[in-house]
Every structure is written in structure tokens, then in C-alpha cells.
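Observations on chain architecture
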Amino acid sequence: MQRNPFLENFRPYIPASVKNIRELSIVPLIVGTLLGIIFGASSLYLVLKTGLTVSASIPVAVISITLFRILSKAGITRDATILENTVVQTAGSAGESIAFGLGVTMPAIMILGFDLDFTRVMLVAVLGGLLGILMMIPLRRALIVQQHGYLKYPEGTACAQVLIAGADAESRAAAQAADASRVQTDDSATTGGKIISIGFVIGFLFNTLMTVFKAWKETPSKEFGAPFRGGSISLENNPALLGVGYIIGPRIAGIMFAGGALSYLVLIPMIKFFGEGLLSPLAPATVPIAEMGIQGRNSIQGDYILYIGAGAVAAGGIISLVRSLPLIWQGIKGGFGDLFGKDAAANLNGEEQPRTDQDLSIKWVVIGIIVLMAAIILFPQLGLSVFTNPVVAIIGAALIILFGFLFVTVSSRLTGEIGSSSNPISGMTVATLLLTCLVFLLLGWTAPNPYFVTALSIGGIVCIAASNGGTTSQDLKASFLVGGTPWKQQTAILIGALASALVLGPILIWLNNSSTVYQRVEPTAFSSTFRVPENELARDTSGKYIDEQIHGRQAGEDTNTYRVWHNTTPEAGPTGRYLINMQGQPAYLVDPGINGVITTLPDGSEVTKYNAPKATLMSYIIKGILSQELPWGLVLLGVMIAVVLELAGIPSLAFAVGLYLPIAISAPIFVGGIVRHFVDVYLRRKLAHKNLTEAELIAETDKSPGVLLASGYIAGGALAGIGIALATEFLSDTITGFNNWSKANNPFYEGANADWLGLIPFFILAIFLLIVGREMVMTNRSDNKSDAPATPPTTFE
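Every chain is numbered on its own, with residues counted from 1 as its sequence reads. In keeping with the model being predicted, local features are shown solely for residues with a pLDDT of at least 70 and side-chain atom pairs are shown and tallied solely at 80 or more, while totals for entire chains, interfaces and linings include all residues. Only hydrogens and water are removed before side-chain values are computed, so all heavy atoms of the structure are retained for them.

Every angle, taken between N-to-C directions, lies between 0 and 180 degrees, and every axis is a line fitted to C-alpha atoms, over only the stretch in contact when it is a helix. Counting from the N terminus, the helices are DSSP H or I runs at least four residues long and the strands are E runs at least two residues long. In contact at an axis separation of 8 Å, helix α4 (residues 82-92) and helix α20 (residues 486-514) are set at 35 degrees when each is read in the N-to-C sense. By crossing handedness, the relation of α4 to α20 is classed as right-handed. On α20, the residues that touch L83, T86, V87, T90 and A91 of α4 are Q489, A492, I493 and G496. Residues of the contact of α4 with α20, tallied by class, amount to 5 nonpolar, 4 polar and no charged. Take the far helix as the reference: if the near one is turned anticlockwise from it by less than a right angle, the crossing is left-handed, and if turned clockwise, right-handed. Residues count as neighbours in contact if any of their non-hydrogen atoms are within 4.5 Å of one another. Classification convention: Asp, Glu, Lys, Arg as charged; Ala, Val, Leu, Ile, Met, Phe, Trp, Tyr, Cys, Pro as nonpolar; all other residues, Gly among them, as polar.

Structural data, given as C-alpha cells:
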């Protein structure tokens, strides 16, 4: 066995000899699971809006330390031990990776022309989440233990430092029994918890006042006239997006905004300038450019920029994957070599291990994987049912096992080398879909139903598994450093992942339904004699027609029951999902909340739409390979934009996401990045006397109170958005009342100066973030150099 000097000198904070310290307790497990659901929901909201997620590990650890310390002082419960807080953090981080996988893949089902079925979404979330954890468990000893010191696992290491800094008296006493130098008292974690709580309250109240009470305009905008017709700028007043921009930093935020600027200040005005004189529509649009708006249905952004942006995102994702191939190959060789090498023998042969080296039994891991694979081929909603098509089921299950274990291994190792923030999960998903679709194409499986759904189910499960594998490895690294018991941590994350998967699926569907708009079909949209063929009407898995009524905020307008038709051929009429009356005529166009373009209801009130840029990329890969139904001229323009950016040394994926998204979303992210720039400049000057290296400077600024406040903004703002979306069905009359009053009486919401006045509350939030961020980093180490990792807690891939 190769000697590891780092491992020889390593001692966990709580030594293996301590066996009577509380760890997998009921209350911490429940608290961690609930926090996982909360942060998972906020991550889902963010990935649908921006394609980004923010790491939940450190905020969950800080909240756990603060919560139990407050409850213990109030006499309600005992203070949590460091190992109990580790259980909370482990269970609480599971929701974020599942949310990312769901938001990246599942909305693509609607883009491809199918329904966002509840059972399908839940199955993909549960199966992918649990599969990733179970596949990671055999890798723990090889990657976390034997590679200690070589694989850094930045987020896990940082989280361990937070947990150690906030250790309770019992944990400090246990650590002192082994090493007196480890005793410390540090209230920085409690202070951090207060900052996160303040940010949460501010973010929640801000979005509630704006969205429910219509206190100010949600999206101030300015559309330019001649000679710059078609140009526009806008900003969504969203504290969650402000927080995201602060955390990802000025460089990525600036690149994203540059993509939006190219769309709204160059491409759209250019298309307007050259195409306004055309009397007939220019494909793929169905109306002349002169009649098109900037954004919405039948708009330049929706009919042209969407495809250009999607091409750029696809190229950026593939370029990112190609650039990562050396790392991925290294991960494959290292991961499999460690797993099956001599170093892993003790983990696989069942030998008795110290408390800090006891995993869940490998036999239970194998049984769990077999049960999950059986579920995959039994449920028809995934398009992999052995009863429907045994050949597809067997090949699909084999692809999931192959790509799942491959990319879980790669993801787990890469997070140790480069951190979760740089782990190319989107690239792995793209690779999975590309290879799966190519296999389907070679086998002649190109029909939209069921092979589109089948390919996406495979990609979704692998994406969530790889994402959860990386998150699990970070959690197990934190546990390794603090002295946790692996099987207890693995149990905690399995429970947290299962709970989050069961809840996030319904939240995804509800977010879509709450922002769905039913638009009556114009008489000119279809021929008066047109009838939808019965064989094209949507059916459930039992073969029965799907019956549907209008729901959400328009539920009272029409109580009739309709059938569902997905029109994917422009020759028949405008493409989209329709409600069909019993005479076979299209009655309503159903514009979904996710990737929909109609932003106002018939009564004039606005609805929030979610653009899901990564899901669009996945749908275009499937459609482009299996059916080849894309406007390739526009897509290739986007590809060339990405190539030019790479030649110029600019990361194309961040720019491409900004190109695809409305500029209203990238603008507040850019503002957050600007605030972070000024905070970093100030803190660098303040820390200049410590003579820190560049990596140490970045690590210190990453731990400033501003990052914690931004995390609170994200959680509060995102959860307010989700809560309002879920309550819309019951508060529609109330919201309409406030909307009508504000239109008549509130100059911050409606009027000649509303666009300028509506910016004031947002910039107050930004200034407060600047002030808090300039406070000194929360550390008790005086002038000692930081050993925290230099990795921003955000995931772009």
C-alpha cells in the first residue's frame, strides 16, 4: 500500500475512541431533513430561473449550530454535539443536488411536448437521488480516506471548519480528552446564523411586499425608440438573484450580463432593423418581424434569440465537457483504481473497522441498487417498463448503471480535486444524453413517444445521481474531518435525499401550474373544419384519454372538461399544448409556467415565468438527434458565438446562459457581482498587513458576513417566490385587489416614473449588502493565515 504522509499524521476532531457522544439523533435528523427541503426548494427556484444553484452545506451548518444553541439556552432541548450538527448538515445538503438535477432535466419534458407527470418526476428524483448515494458509499474509503491530503474536497473542508468553530462544550471536552490544543470557544457560527436569519427575513418580506401587496414594480424596464428600436434594458427586483450575483462574484456575473446585453442591446435591435421591412414571416416565426414584440409570444426573443441562445448553451456545455475530459479520465482511472485496489480491501471484505471508518454494509448497498433498478424497469412512467418493451427496459437499465456509476465515480473524485463549484455535472448530463440518443438512433428508436421521455428519464436519473454523488462525497469529507461515523452520516443523507425527492417533485409541478396561462384559441389559428385526430389525443399509461379542467388563477373562468393535444407540427397550426373540446376543436392554448412566454392573464395581471435554460439545452439535444426538428441556422449562430468567446479566452457557458435568459434576470445578478467587487477590494486592503497569498485572500473574502447575508437573501427571496406561487390558487382575488389598487394609487408600481421608483427598494438591499459585506471576516484566529479553501459556494455546471 502506498504511504500517505497526510493520513499518517491525521487526527479527527472527535477521535475514534469516543463512542458515547450523540450523533444520529431524532431531532437533528428531522431538523436536517426540513432544512434540506427548504434549501432544496430555494435551489429549485434558482435553477429554473437562472440555471444556477448555491451550495447549502455551510448555511445549513451555521443555522443548525445557531438553532440548537438558542433552543438550549431557552431550556427547550440540549445543545447539539458537533456530530449531531454534522448529521443536520449532511441531511440538509441532499435537497440542493436533487433540485439541480430536477431543474436541469424534467422541464425538458414539456419543451418536448409531453406532460410534467407527477409520478415520473417523483420517480426520477427518488431513484436518481438514492442511486447516487448508494454508488458513492463503496468509494468513500478509497477517495475520502486513502486520498486524504491529495483530494482536498474544498466545500467539505470549509464546512468542517464551521462545525469545529461552533462545537458545543460536550464536543470540546471530548476533543480535549485526546488533544488539549483543540479546545476553543468561538461564537462566530452563532453570529453567522443571525446574519443568515436577517437576510432570510429581508428577502422573504421584500418579495412578499412586492409580489402580493404590489408595493413596487417587479420588473422596471426601459424600451428604446428610434433610432435604436428593439433595444431594451430591464431588471427583476429579486433579492435571491442579487444574492446569487454576490456569491458567484463579479467575473461570472459580468460575463452573464454581457450575454444578456448582446441579446437585448445588439441582436434584437439588429433583427428589428434588418427585418422590419419584411411583409411575410421569417421562419421559424409565424408573424412578420414588424409585428413582433421584444419578449413574449410571437416575439423576437422567443422566435429567434431562444434558438441562438440554446445553440450557444449547447456548445458551451459540450466545450466544458471536452475541457474536463482530462480531469474526468483521471477521475475514472483514480476512482476505479482506488475502489478495486488493495487500499479498499478492508472496506469490501467486511473486516471490523474503527468507529470513524464504518460504512453501511456493502451487501445492503448492492441490495438497494438492485431494488432501485427493479423500480426503474417496472414503472411505465419512465418509458423503461419491462412489460411494455423488454428490450428498451434492459438497454435503458444498462445505460443507467453504466453512466450512473461512471459519472458518480467521476463526480465524487472531481469534487475532491476542483470542488463542487467547478464540477461539470451539466457536461456529464449532456454526455449521457448524447450517448443515449446515439444508441437510440443506431437502434432506430426515434419516435417522440416514448423514446424522447425514455432518453430524458435516463439522463435525469444519471444527472441527479452524479450531482448527489459529489454532494455526498463533500459531506463525508466533513464527517471524516470532525470524526463522524460514516454509516450514520450515510443513513442521514439517504433519509434527507428521500424526503427532499418526495417534496421537490410536487413543488416543481406546482410552480409550473401556478404560472400557467390558458389563452383562448383565435378563430384564425386553425381551419374552421379542423379536428384533432383521436389517435393524437394524449392518453395515460393505461390507454385512457387524459381529461383536464382549467386550474390555477383562471379556474373559475371555465368549468368544462377538455382533452389534451400536443401539437408538434407547425403545418397543423401553432405548436404547443392545447385543451380540446368534445367536438375535437382546440379551445385553449396552454402556456406553461416553465419555459412559457405569455406573462399576463386575461385580466391583465402578471405571472412569473421560469426559463429553465439548462432544461432547454437537454430538450434540444434529444430533439436535434432523434427528430432533427430544429432551426439549425439559428442554432449554429449560437454555436459560433460560443466558439468565438472561447477563442477570446472567455468562458462561453456563463455568457451563453446570459444570452439565453431575459436580461431582467442577469441584470440583478450583475448588480450583486458589482457589490461583491467593492467588498473584495475593501477587504483586501483591510487584510493587506497579514501578507496572505491570493488563495488565502479569496478564502477570507468568501467567509465575510456578506456571503452569509447573500445566502439569507437567496433562501428568503426564493422561498417567498415558492410560497406565493403555491398560495396563488387561494389568494388570486386578494392579489388582484392589491394589483388594481396599486395601478390606481401607487406611483412605485404604475405611472410615468414607476420604472425608476421601482428600483429604489432593490438598491437599498444592495447597499445594505455592501455595508454588511465590508465587516471584518468572522474568525477567531487573529493574524493567523486562513486554511480555508478558496472556492465560492456556488454551482454553475
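So much for the structure itself; the text now carries on.
The subject of this paragraph is the pattern of salt bridges. Each salt bridge in this description consists of a side-chain nitrogen of Lys or Arg and a carboxyl oxygen of Asp or Glu lying within 4 Å of one another. One pass over the structure, following the stated rule, counts 14 salt bridges. In this structure, D79 engages R69 in a salt bridge whose closest nitrogen and oxygen atoms are separated by 3.4 Å. Of this pair, D79 sits in the loop between α3 (57-73) and α4 while R69 sits in helix α3, and the two are 10 residues apart along the sequence. Note on accessibility: D79 and R69 belong to one class, buried. Between D357 and R140 there is a salt bridge, with the nearest N and O atoms lying 2.4 Å from each other. Three labels apply to residues, based on accessible area from a 1.4 Å probe with only protein chains included: buried if under 20% of the type maximum, exposed if over 50%, partly exposed otherwise in between.

That bond from A226 to P227 is cis: its omega, 10 degrees, falls within 30 degrees of zero. When you line up the elements, P227 lands in the loop between β2 (221-223) and β3 (232-234). Of note, the amide linkage connecting A283 to P284 takes the cis form, showing an omega dihedral of 10 degrees. With a phi close to 55 degrees, K214 is a non-glycine residue in the positive phi region. In this fold, K214 is placed in the loop between α11 (188-211) and β2. Classification of K214 by relative accessible area gives buried; the value is 4%. One non-glycine residue, N595, lies in the positive phi region at around 65 degrees.

Attention now goes to the sheet that holds strand β8 (residues 586-591). Here we have 5 strands laid out as an open sheet, ordered β4-β8-β7-β6-β5, and antiparallel in their pairing. The sheet is open, and its two edges are formed by β4 (517-520) and β5 (547-548), each paired on a single side. Two strands pair when backbone bridges link them, and strand β7 (residues 576-580) and β8 are joined in this way by 4 bridges, in the antiparallel orientation. Considered in β8, the bridge of L579 is made with Y588. Strands are treated as partners if at least two bridges between them are detected by DSSP.

On to helix α2 (residues 26-50). In this model α2 runs 36 Å from its N-terminal to its C-terminal C-alpha over 25 residues, within 8% of the 36 Å that 1.5 Å per residue would give. Burial within α2 is extensive, with 20 of its 25 residues counted as buried. Trailing α2 by a residue or two, G51 shows a phi angle of about 80 degrees, which is positive. What a helix is expected to span follows from its residue count: subtract one and scale by 1.5 Å.

At a closest axis distance of 7 Å, the pairing of helix α13 (residues 250-275) and helix α23 (residues 652-660) adopts a crossing angle of 40 degrees. One finds that α13 runs oblique with respect to α23. Of the two possible hands of crossing, α13 and α23 adopt the one that is right-handed. Side by side, α13 and α23 meet where I252, I255, M256, A258, G259, G260, L262, S263 and L267 of the first sit next to A654, F655, V657, G658 and L659 of the second. Here the angle decides the label: under 35 degrees means roughly parallel, over 145 means roughly antiparallel, 65 to 115 means roughly perpendicular, and every other value means oblique.

With that settled, consider the pairing of strand β6 (residues 562-567). As a general feature of sheets, a regular strand has side chains that alternate between the two faces. Across the 6 residues that make up β6, a large majority, 5, are buried. Pairing between β5 and β6: 2 bridges, direction antiparallel. Across the sheet, the residue bridging to D547 is R563, located in β6. Pairing geometry for β6 and β7, over 5 bridges, is antiparallel. Across the sheet, residue N567 finds its bridge partner in β7, namely G576.

Glancing now at the environment of L235. Inspection of the secondary structure assignment puts L235 in the loop between β3 and α12 (239-248). Given a relative accessible area of 9%, L235 falls into the buried group. Along the sequence, L235 and S221 sit 14 residues apart, while their C-alpha atoms lie 6.5 Å from each other. Beyond its immediate chain neighbours, meaning those up to four positions away, L235 contacts E218, T219, P220, A664, A667, P668, V671, L759 and F762.

Attention now goes to the packing of aromatic side chains. Classification of ring pairs uses Phe, Tyr and Trp, with its six-membered ring standing for Trp, and accepts pairs whose centres are within 6.5 Å; under 30 degrees between planes counts as stacked, over 60 as edge-to-face, and the remaining range as tilted. Enumeration according to the criterion identifies 18 aromatic pairs in this entry. With centroids separated by 5.6 Å and ring planes inclined at 90 degrees, the aromatic side chains of F762 and F763 adopt a geometry described as edge-to-face. The class of F762 is buried, set by a relative accessible area of 0%. Since its relative accessible area comes to 36%, F763 is described here as partly exposed.

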